[in-house]
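Residue-level listing of the chains:
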Amino acid sequence: MLLRQVWANLIGNALKYSAKNESPRVEIGGRADNGEIVYWVGDNGAGFDMRYVEKLFRVFQRLHSEHEFSGTGVGLAIVERVVARHGGRVWAEGEPNRGAKFFFTLPRNVAPQG
Ligand SMILES: Nc1ncnc2c1ncn2[C@@H]1O[C@H](COP(=O)(O)OP(=O)(O)O)[C@@H](O)[C@H]1O
Ligand SMILES: [Mg+2]
């Protein structure tokens, strides 16, 4: 249930932040990497400035105005917590107006911790 929420938040963001592109594209992928699996959701939308990447995963921190893109700023904070609880990590890459890519890992044998 919680991992379903992770996918919904990341894919929802990718759709939202690429919707103003003339030809929006969302790419979803995964790769087995030693003991873990790396998943990603990328888009060719509004992107963001890497200087503020740490802010993205904090509650109520948003890099885009409510006027540009509506939202509450809690989705990625939930993503971070759920992934950490399942033993994984999250990170993101972006460039203004060139899109964004969000990654998370899960150990191959997923068991909630704590
Ligand atoms: N796919 C994306 N492209 C560009 N910026 C993004 C993307 N996903 C998230 N962000 C940035 O991270 C912030 C936090 O995301 P999130 O917690 O999901 O909140 P919300 O979607 O409600 O704004 C967003 O306000 C936005 O600035
Ligand atoms: Mg969101």
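I will try to describe carefully the structure that is included in this document. Remember, it's a predicted structure, so these values are computed and weren't measured experimentally.

Basis of the calculations
Numbering of residues begins from 1 in every chain and follows the order in which that chain's sequence is written. A letter from A marks each chain and a number from 1 marks each ligand, given out in the order of writing. Two thresholds apply to this predicted model, a pLDDT of at least 70 for residue-level local features and 80 or more for giving and counting side-chain atom pairs, whereas whole-chain, interface and lining totals are computed over all residues. Where side-chain values are given, they derive from all heavy atoms of the structure, hydrogens and water being excluded. Strands are runs of DSSP state E lasting at least 2 residues, helices are runs of H or I lasting at least 4, and numbering of each runs from the N terminus. The span you would expect from a helix comes to 1.5 Å times its residue count less one. Accessibility here uses a 1.4 Å probe with only protein chains present; expressed as a share of the type maximum, an area under 20% marks a residue as buried, one over 50% as exposed, and anything in between as partly exposed. Our arc is simply the arc of the directions from the helix axis toward the C-beta atoms. Only heavy atoms enter the contact rule, under which two residues are in contact if any of them lie within 4.5 Å. One side-chain nitrogen of Lys or Arg within 4 Å of one carboxyl oxygen of Asp or Glu is enough to make a salt bridge. Paired strands are those between which DSSP finds at least two bridges. Simply put, an axis is a line fit to the C-alpha atoms, just over the touching stretch for a helix, and the angle between two N-to-C directions goes from 0 to 180 degrees.

1. Some points on helix α1 (residues 2–18)
Here α1 contains 17 residues, and its C-alpha end-to-end distance of 24 Å stays within 8% of the 24 Å for a straight helix at 1.5 Å per residue. Within α1 the residues assigned to the buried category are V6, N9, L10, N13, A14, Y17 and S18. Along the long axis of α1, the arc covered by the buried residues comes to 135 degrees, so they all point the same way. Turned more than 90 degrees from where α1 packs its buried face, R4 and L15 sit exposed. Of the surrounding secondary structure, the elements contacted by the buried residues of α1 are β1 (26–33), β2 (36–43), α2 (75–85) and β4 (99–107).

2. Remarks on the pattern of salt bridges
Applying the stated rule across the entire model yields 5 salt bridges. Among the ionic pairs, E27 bridges to K101, the shortest N-O distance being 3.9 Å. In this pair, E27 is assigned in strand β1 and K101 in strand β4, connecting sequence segments 74 residues apart. In this structure, R89 engages E36 in a salt bridge whose closest nitrogen and oxygen atoms are separated by 2.5 Å. Of the two residues, R89 sits in the loop between α2 and β3 (90–95) while E36 sits in strand β2, which places them 53 residues apart along the sequence.

3. Observations concerning the sheet that holds β3
Taken in spatial order, the 4 strands make up an open sheet running β1-β2-β4-β3, and their pairing is antiparallel. Sheet topology places β1 and β3 at the edges, where each strand pairs with a single neighbour. Averaged over all adjacent pairs, the angle separating strand axes in this sheet is 15 degrees, with direction ignored. Bridge analysis of β2 against β4 gives 8 bridges, and the strand direction is antiparallel. Of the residues in β4, the one forming a bridge with Y39 is F104. Against the sheet, α1 engages β1, β2 and β4, with an angle of about 25 degrees to β2.

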